Amino acid sequence: MAKSRQHYSSQDSSLSPMAGRYREWEGPSRWTEYLGPDTTSPSTSRSSRYMNSDGQVQSSGGGSHRGLNMQWVGQLVEVADGLMAKMYRLNQILDYPDPIGHAFSEEFWKAGVFPNHPRISILLSKKFPEHFSKLQLERVDKAALDALSDGAEVHLQSLEPWVQLLLDLMAFREQALRLILDLSSTVITLLPHQNSLILHAFMDLFCSFVRVNLLSEKLPRKMMLQVYNLLHAMSRNDRDCDFYHRLVQFIDSYDPPLKGLQEDLNFVSPRIGEVLEAVGPIIFLSTDTRKLRNEGFLSPYHPRYPDILTNSAHPMRAQDLANVTAYREWVLLGYLVCPDELLRVTSIDIALVVLKENLVLTLFRDEYELSHEDYQLYVLPRILESKKMAKSGRTKQKEADLEYSVAKQAEKMIGEVHEQALISCDAIHRERRILLKQEIGRMVLFFTDQPSLLAPNIQMVFSALALAQCEVIWYFQHVGIASSKSKGARIVPVDIDPNDPTIGFLLDGMDHLCCLVRKYIAAIRGYALSYLSSCAGRIRFLLGTPGMVALDLDATLKTLFQQIVQHLENIPKPQGENISAITCDLSDFRKDWLSILMIVTSARSSINIRHLEKATVSTGKEGLLSEGNAAYNWSRYVDELESQLSKHGSLKKLYFYHQHLTAVFRNTMFGPEGRPQHCCSWLGVASSFPECASPIVPEEVTKIGRDAVLYVESLIESIMGGLEGLINILDSEGGFGALEMQLLPEQAAFYLNNASRVSIPSAKSPKGAVVYPLPGHESYPENNNSIKMLEAAMQRLTNLCSVLNDMEPICVLNHVFVLREYMRECILGNFRKRLLAVLKTDNDLQRPSILESLIRRHMNIVHLAEQHISMDLTQGIREVLLSETSGPVSSLHLFDRPAEQHTGSATEVVCNWYIENIVKDMSGAGILFTPMHKCFKSTRPVGGYFAESVTDLEELQAFVRIFGGYGVDRLDKMMKEHTAALLNCIDTSLRSNRELLESVAGSMHSGDRIEREACLKQIVDLDTIIGFCIEAGQALAFDKLLAEAAGAVLEEGAPLIYSLLAGIVKHIPDEIPEKREIRRMRGVANSVALAGDHDSEWVRSILEEVGGHKIRFISPKFGQNVYVNVLFTLLFFPSR
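Keep in mind the model is a prediction, meaning the values are calculated, not measured.

**Q** Could you give an account of the overall build of the protein, with specific residues and numbers?
**A** Each helix and strand counted, the protein has 46 helices and eight strands in total. Among the 1136 residues that make up the protein, the fraction classed as buried is 51%. Put simply, 74% of the contacts in the protein that link residues at least 6 apart link residues at least 24 apart. Working note: accessible area of the protein is about 52,000 Å², and carbon and sulfur atoms make up 53% of it.

**Q** Describe the pattern of salt bridges, with residues and values.
**A** All told, the structure shown has 40 salt bridges when counted by the stated rule. Put simply, Arg-961 and Glu-852 hold a salt bridge, and the shortest N to O gap is 2.7 Å. Highlighted residues: Arg-961 in helix 39 (residues 953-992) and Glu-852 in helix 35 (residues 848-866), separated in sequence by 109 residues. Glu-908 serves as the salt-bridge partner of Arg-970, at 3.2 Å between the closest nitrogen and oxygen. Placement of Arg-970 in helix 39 and of Glu-908 in helix 37 (residues 905-919) is noted, with a sequence separation of 62 residues between them. Take Arg-970: its relative accessible area is 16%, and that puts it in the buried class. The class for Glu-908 is partly exposed, based on a relative accessible area of 25%. Shared partners join several salt bridges into a network, and the residues in it are Arg-328, Glu-357, Arg-432 and Glu-471.

**Q** Give a description of the pairing of strand 2 (residues 367-370) that names residues and reports values.
**A** Sheet topology note: the strand 1 (residues 360-364)/strand 2 ladder contains four bridges and is antiparallel. Its bridge partner being in strand 2, Thr-362 is matched across the sheet by Tyr-368. With antiparallel pairing between neighbouring strands as the criterion, strand 1 and strand 2 make up a hairpin whose turn holds two residues, including Arg-365 at a positive phi of roughly 55°.

**Q** Requested: an account of the packing of helix 20 (residues 502-519) against helix 27 (residues 641-649), with residues and values cited.
**A** Contact geometry for helix 20 and helix 27: axes closest at 11 Å, N-to-C directions at 175°. Comparing the axis directions of helix 20 and helix 27 gives the class roughly antiparallel. Taken together, the residues of helix 27 that come into contact with helix 20 (itself represented by Met-510, Cys-514, Val-517 and Arg-518) are Leu-641, Glu-642, Leu-645, His-648 and Gly-649. Along the lines of polarity and charge, the residues of the contact of helix 20 with helix 27 split into five nonpolar, two polar and two charged.

**Q** I'd like a description of the packing of aromatic side chains, backed by residues and values.
**A** By the definition in use, this model includes 28 aromatic pairs. Seen in terms of ring centroids, Tyr-228 and Phe-243 are 6.2 Å apart; in terms of plane orientation they differ by 25°. Their pairing is stacked. Pair noted here: Tyr-228 is in helix 9 (residues 221-235) and Phe-243 is in the loop between helix 9 and helix 10 (244-253), with a separation of 15 residues, a long-range link. There is no split in this pair, since Tyr-228 and Phe-243 are both buried. The ring centre of Tyr-88 lies 5.0 Å from the NZ or CZ of Arg-365, which sits over that ring. Between Arg-538 and the ring centre of Tyr-531, over which it is positioned, the NZ or CZ distance is 5.3 Å.

**Q** Outline helix 21 (residues 521-543), supporting the account with residue identities and numerical values.
**A** For helix 21, spanning 23 residues, the distance from its first C-alpha to its last is 32 Å, which sits close to the expected 33 Å at 1.5 Å a residue. Where helix 21 is concerned, the buried positions are Ile-524, Arg-525, Gly-526, Ala-528, Leu-529, Leu-532, Cys-535, Ala-536, Ile-539 and Leu-542.

**Q** Could you give an account of the packing of helix 19 (residues 458-478) against helix 20, with specific residues and numbers?
**A** As a packed pair, helix 19 and helix 20 sit with axes 10 Å apart at the nearest point and diverge in direction by 150°. The hand of the helix 19/helix 20 crossing is left-handed. Residue-level inspection shows Ile-458, Val-461, Leu-465, Ala-468, Gln-469, Glu-471, Val-472, Tyr-475 and Phe-476 of helix 19 in contact with helix 20, the latter providing Ile-503, Leu-506, Leu-507, Met-510, Leu-513, Cys-514 and Val-517. By residue class, the composition of the contact of helix 19 with helix 20 is 14 nonpolar, one polar and one charged.

**Q** How would you explain helix 17 (residues 371-392) if you had to name every residue and give the values?
**A** The first and last C-alpha atoms of helix 17 sit 30 Å apart over 22 residues, in line with the 32 Å expected at 1.5 Å per residue. Its maximal kink placed at Val-379, helix 17 deviates by approximately 40°, while the proline Pro-381 follows within four residues. Turning to helix 17, its buried residues number three or more, namely Ser-371, His-372, Asp-374, Tyr-375, Gln-376, Val-379, Leu-380, Ile-383, Ser-386, Lys-387 and Ala-390.

**Q** Explain the confidence of the model for the protein to me, using residue names and the numbers behind them.
**A** For the protein, per-residue confidence averages 79 on the pLDDT scale, and residues scoring 70 or more make up 81% of the total. The spread of mean pLDDT over the elements of the protein runs between helix 46 (residues 1116-1132), the lowest at 45, and helix 15 (residues 324-337), the highest at 93. In this model residues 1-25 is a low-confidence stretch, pLDDT under 50, and it forms 53 contacts with partners more than four residues away in sequence or in other chains. Note that residues 486-490 has pLDDT below 50 and, in this model, six contacts with residues that lie over four places away or in other chains.

**Q** Break down unusual backbone geometry for me, citing the residues and quoting the values.
**A** For the bond from Phe-128 to Pro-129, the omega torsion is 10°, close enough to zero to count as cis. With respect to the helices and strands, Pro-129 occurs in the loop between helix 4 (118-126) and helix 5 (137-140). Across the junction of Asp-255 and Pro-256, the peptide omega takes the value 0°, indicating a cis bond. Within the secondary structure, Pro-256 sits in the loop between helix 10 and helix 11 (257-264). Here Gln-136, not a glycine, exhibits a phi torsion of approximately 50°, which is positive. As for its placement among the helices and strands, Gln-136 is situated in the loop between helix 4 and helix 5. Phi is positive for Arg-365, which is not a glycine, with a value near 55°. Mapped onto the elements, Arg-365 comes out in the loop between strand 1 and strand 2.

Reading the values: rules and limits
- Residues numbered from 1 in each chain as written.
- Predicted model: local features only at pLDDT ≥ 70, side-chain atom pairs only at ≥ 80, totals over all residues.
- Heavy atoms only, no water.
- Helix = DSSP H or I, 4+ residues; strand = E, 2+ residues; numbered from the N terminus.
- Buried < 20%, exposed > 50% of the residue type's maximum accessible area, 1.4 Å probe, protein only.
- Contact = heavy atoms within 4.5 Å.
- Areas by Shrake-Rupley, 256 points an atom, 1.4 Å probe, with all protein chains shown as cover.
- Salt bridge = Lys/Arg side-chain N within 4 Å of Asp/Glu carboxyl O.
- Pairing = 2+ DSSP bridges.
- Axes fitted to C-alpha atoms, helices over the stretch in contact; angles between N-to-C directions.
- Parallel < 35°, antiparallel > 145°, perpendicular 65-115°, else oblique.
- Nonpolar A, V, L, I, M, F, W, Y, C, P; charged D, E, K, R; others polar.
- Phe/Tyr/Trp six-rings, centres within 6.5 Å; stacked < 30°, edge-to-face > 60°.
- Lys NZ or Arg CZ within 6 Å of the ring centre and 35° of its normal.
- Expected span 1.5 Å × (residues − 1).
- Left-handed = near helix turned anticlockwise from the far one by under 90°.
- Bend = angle between axes of the 7 residues up to and from the residue.
- pLDDT = per-residue confidence, 0-100.

Here is the structure:
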């Protein structure tokens, strides 16, 4: 009998149970922590499916006891989930200990659950079930024992909730076993085609019971109980806790758990064997990919009549395929705890098929057992025992021979299937994934084109989703799994391909199918309502058949059948009405139908399921139970469609493998067979991750939510990295650069020289000749692959941009991720990085013309992407260029500039290079200005180029086009500042040598050469002064070239403004002092070489803006004339 939860005495109000008799059944309050306070309500999630409106089911032969059993089925399955969530959390806290091998990490002892005294705790665990009083613990570690005694109360409090978990496990075992026994002994049939609803409820409870006990083995149960009892005795005068001996017996009987499970479930073994044999054909079908494809089980077309679009060939099989994942789990768990059922003839084939394609047995979340090792350790000995008994001849000879033969086959199967699974399981599942990829792809195309046919085929859609869900989860469950072979301890890693692209296709196909179902949810509900309305007439007809009349149903069944018909006839008709506005709750219909099933499947009932089938199937149509079960299933598509979609299409379990998920995504997303459009489904998976959190463990919500956000951020980072990679591939020399190949003048000269030498037979070819690719080389046949690569990169870029643009925002808890915004920031950020990267080559600054072509090439790629994005990237590119050339955009339109205006880093780099290498000639390259060619020339290269390559008008025009007027102003300002500094130095030198200069001037007028030379020799730092003058002259010349380039660009780009400035300059009056507006207009005209005497105006602006407060003259105009004359004299007549 199941015993009730222990009540506590006054001496130990927290844990001591009351003596007394335990009740046979307890109310929901026993499991309130796991079920919530509303468990008494008939609308609880899982248990509501097994109750009628009164919370009980009246049985025609046995009162209300049957209904109460079914109520407990759903509740105990929920309790099992809560118990496993608690055990999972404790395992995490204790850093996944190994209680079997007594291996415990440092984190285990620091977790605060157990006292940090390993020697005593481990000894207590090893000596279980011996009492601590017999172990002489003071000899083991006297100091630790004293410390335990001093802190006994504190340690008791830390262990208390987890010891309570052991009590809950014991109570769950008692109640679940009683319920499983009751269902097994009273339900007359558990075959899927007759009683699938109660079958699934029974097997859910059965599997949950097995999983709970298998998972408990991973907890240090022995140490927990022994240490707790020791602490209890220390604080309670050497008295054991009241539940100690019961828990010792419970833990010992389940050590190992499989031994206890096999003993406890021996009484239901025959029923389990029947169920597993019944689901065998569906499992065989799910493994036969050829039959699935050829027979059209997952195709909307009829396999034999292609013109018929609605596939009505396999309606029941399509529904069964949706449950095949559960059937496989039933097989793995069923034969493991009921090994005698393997001695059936067909059971060996069923177990072989399932074991061959699975290496792990999932317990809870990502906790698993190695299924083959468990079969060899716990199933094989039972098979060998049966074989031995059959050989000894304890039974009749014919039966003994058959039993011996079957046992021998089972032994052979278990011994060989592990090796086969290691070799072939991945290939089996890869073939299945390829099938699902193709079938789901066809489904998406078909139902997108023919959405009206989605509703009639909704069961097939759910089957496809369930199979794909199973394959995706299987893949990640087996990544990184290592299994040991049976004949040795050698660990063999499972060969799972981390670059398998089918995972992305399956995720994408599932996402599209789910979106289609949600999009046409109103049509599906309307179709289901229509089906239920027509079903009402059929059920009423079946109830009036002679066979049913002859059954003479009792009042309870008659009332329930009448209520079923009323529910169906009262369904609102969707004709001419907005279906989405119809509200219809069919939960009462489902409860009444379950009530009927509970009665007619009970061995205590005078009318059972076989009577109903025989009475109604003779009509030539579907029997009453078949019609009712079909109506039950279709009713769930009316008011529970979202939950059904979540059940079959949700991938929330992938949260526990999200690290593998990220790795596989990175390997496959941008691989040769990857598809950029799959990224939406990879990201969308995270939205369901928070659903994995258990209400029993409140802190899981925060942790799982945080992990989900980090997963999305990680994937977005990878996607944006791939987007940058695609853009950079197109922007490389092997990309669009290969299509715009042009020879530089030096390269053309090299080709001409080389061609002339080749034309002379006696001439030898130069050694080390560099062969440059000629324009048009990409058109040669041998370069087709590079063109195909470019086309593929362009296709992927446009697809990715289009998908990211259309993708709905991803919501994870309170975080919202809008991929369009991430994409915009990625493209603009990559443009910024690319701009700064191409400024310089390996040797030195990039030529402005080449820099301009590189920027234009990148902008063309951005414009290509912009065609598939509903946002303005061009404006963003302009902002980047402005910020990199002129600093913050907000200060560009201010006439009164701040004292320390920050310019862009790109402009700073280029301007500094021109000042240092051209004006100052820091490298000593012999920079000279040649007015005839309007450029600077050098005797040797400046960095990677000669001076004329970077200072002629075309290059400076490219500079102006890149950096605009703000860049020109920045370079002009820097040269003014430099020239002002030079003029200050010259002014200081002239003042310090004033007398000598006056003497030189006098000697020039008198013609006294000797005195003039003597005075010149006495001038201090004459060479330095001359160098300053040369630098100032270089600055004057360079700024004039820059102004001419700016004028040419302005005339080309804005000819009206250019002509307006040219006309205004002619009429500007010469006034002293000039008005501010006139001075500004003259400066603007001078910056585009329209002011006439550029040098004089430029020096004058220097004196006014930069150096006027340091150089003292009567007026800037006078100072301008003096400086120009002095510079002219020192530069051209230094020795006269």
